[in-house]
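What follows is the residue order along each chain.
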Amino acid sequence: MKKDNENPYRPYRVVSVKKIDRWFFEKHDHRRTHAKIYHSIIRPKFGICENTFLDYRHEPDELLELFRQSVNVEFSMWLPTMEVKYMGPVEADRFSLILWDAFDKAFKRIFKEEPASRIDSEKLLKHLIICLGEKSPVLVG
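Cut-off values and rules
Residues numbered from 1 in each chain as written. Predicted model: local features only at pLDDT ≥ 70, side-chain atom pairs only at ≥ 80, totals over all residues. Heavy atoms only, no water. Helix = DSSP H or I, 4+ residues; strand = E, 2+ residues; numbered from the N terminus. Rg over C-alpha atoms; globule rule 2.2 N^0.38 Å. Buried < 20%, exposed > 50% of the residue type's maximum accessible area, 1.4 Å probe, protein only. Areas by Shrake-Rupley, 256 points an atom, 1.4 Å probe, with all protein chains shown as cover. Lys, Arg positive; Asp, Glu negative; His and termini not counted. Charge placed at Lys NZ, Arg CZ, Asp CG, Glu CD. 1 Å grid on protein atoms, 1.4 Å probe; cavity = no way out; pocket = protein on both sides within 12 Å on 5 of 7 lines; lining within 4 Å. Points joined across faces, edges and corners; volume = space filled by probe spheres on them. Core = buried A, V, L, I, M, F, W, Y, C linked by side-chain atoms within 4.5 Å. Salt bridge = Lys/Arg side-chain N within 4 Å of Asp/Glu carboxyl O. Polar contact = N/O pair within 3.5 Å; in protein donor to acceptor, adjacent residues only side chain to side chain. Contact = heavy atoms within 4.5 Å. Phe/Tyr/Trp six-rings, centres within 6.5 Å; stacked < 30°, edge-to-face > 60°.

Undergrad: Describe the overall build of the protein, listing the residues and the values that go with them.
TA: Within the protein one finds seven helices and zero strands. In terms of overall size, the protein is more extended than a compact globule, its C-alpha atoms giving a radius of gyration of 18 Å where 141 residues would be expected to give roughly 14 Å. By residue count, 34% of the 141 residues in the protein fall in the buried class. Accessible area of the protein: about 9,800 Å², with a carbon and sulfur share of 59%. Across the protein, the 25 positively charged side chains and the 22 negatively charged ones have centroids separated by 2 Å.

Undergrad: Please provide a residue-by-residue account of the layout of surface pockets, values included.
TA: Considered as a void within the structure, the largest pocket measures approximately 200 Å³ in volume. Lining the largest pocket, in full, are Phe-75, Leu-79, Glu-83, Ser-96, Leu-97, Leu-99, Trp-100 and Phe-103. Counting residues per element, the ones that place at least two in the lining of the largest pocket are helix H5 (71–86) and helix H6 (89–113). The dominant element in the lining of the largest pocket, judged by the number of residues it contributes, is H6, at five residues.

Undergrad: Can you break down the nonpolar core residue by residue, with the values?
TA: Judged by nonpolar contacts, the single largest core of 17 residues is most densely connected at Val-17, Ile-20, Ile-37, Ile-42, Phe-46, Ile-48 and Phe-53. Listing elements by their share of this core, those giving two or more residues are helix H1 (10–24), helix H2 (34–46), helix H3 (50–57), helix H4 (62–66) and H5. Core analysis: the next-biggest nonpolar cluster, separate from the first, contains six residues, Ala-106, Leu-124, Leu-128 and Cys-131 among them.

Undergrad: Can you lay out the side chain of Glu-83 for me, pointing to particular residues and giving the numbers?
TA: Here Glu-83 shows up in helix H5. Comment: no salt bridge for buried Glu-83; closest opposite-charge side chain is Lys-45, at 10 Å. Within the local environment of Glu-83, its side chain forms a polar contact with the side chain of Ser-96, the two groups lying 2.8 Å apart. Apart from the residues lying within four places of it in its own chain, the contact partners of Glu-83 are Ala-92, Phe-95 and Ser-96.

Undergrad: So what about the packing of aromatic side chains? Which residues, and what values?
TA: Tallied over the entire structure, the rule returns four aromatic pairs. Residues Tyr-12 and Phe-67 carry aromatic rings whose centres are separated by 5.1 Å and whose planes lie at 80° to one another, so their mutual orientation is edge-to-face. Pair noted here: Tyr-12 is in helix H1 and Phe-67 is in the loop between H4 and H5, with a separation of 55 residues, a long-range link.

So this is what it looks like as structure tokens:
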């Protein structure tokens, strides 16, 4: 097994961790600490220890420009970070499940109506709005 600093994917992990930490952390707000984002998002998502997290945070900012991520990758990190930042854990989970359910229904409806169609963003958004308008049966807790 390669050491972390020999892994070719390390810079992408560093960039992801740095971005999540920056989106979450607020200097004078004790609810938005580096430790909280480490325990709630970083450790479960990346499986790294706290010392590695600290090392990643202190990597040069140039990596953010050198190892850009697609919008899909960034959004998949940003949404759970904002949920943890602004919502309680149960509500964040509930919201994620509501979205998941709505997206699943929207994709299924589109393919039921047009089995061979390619989905574009407008079509998905239209169906997603319809599905979100319906009461989601998802309950958490």
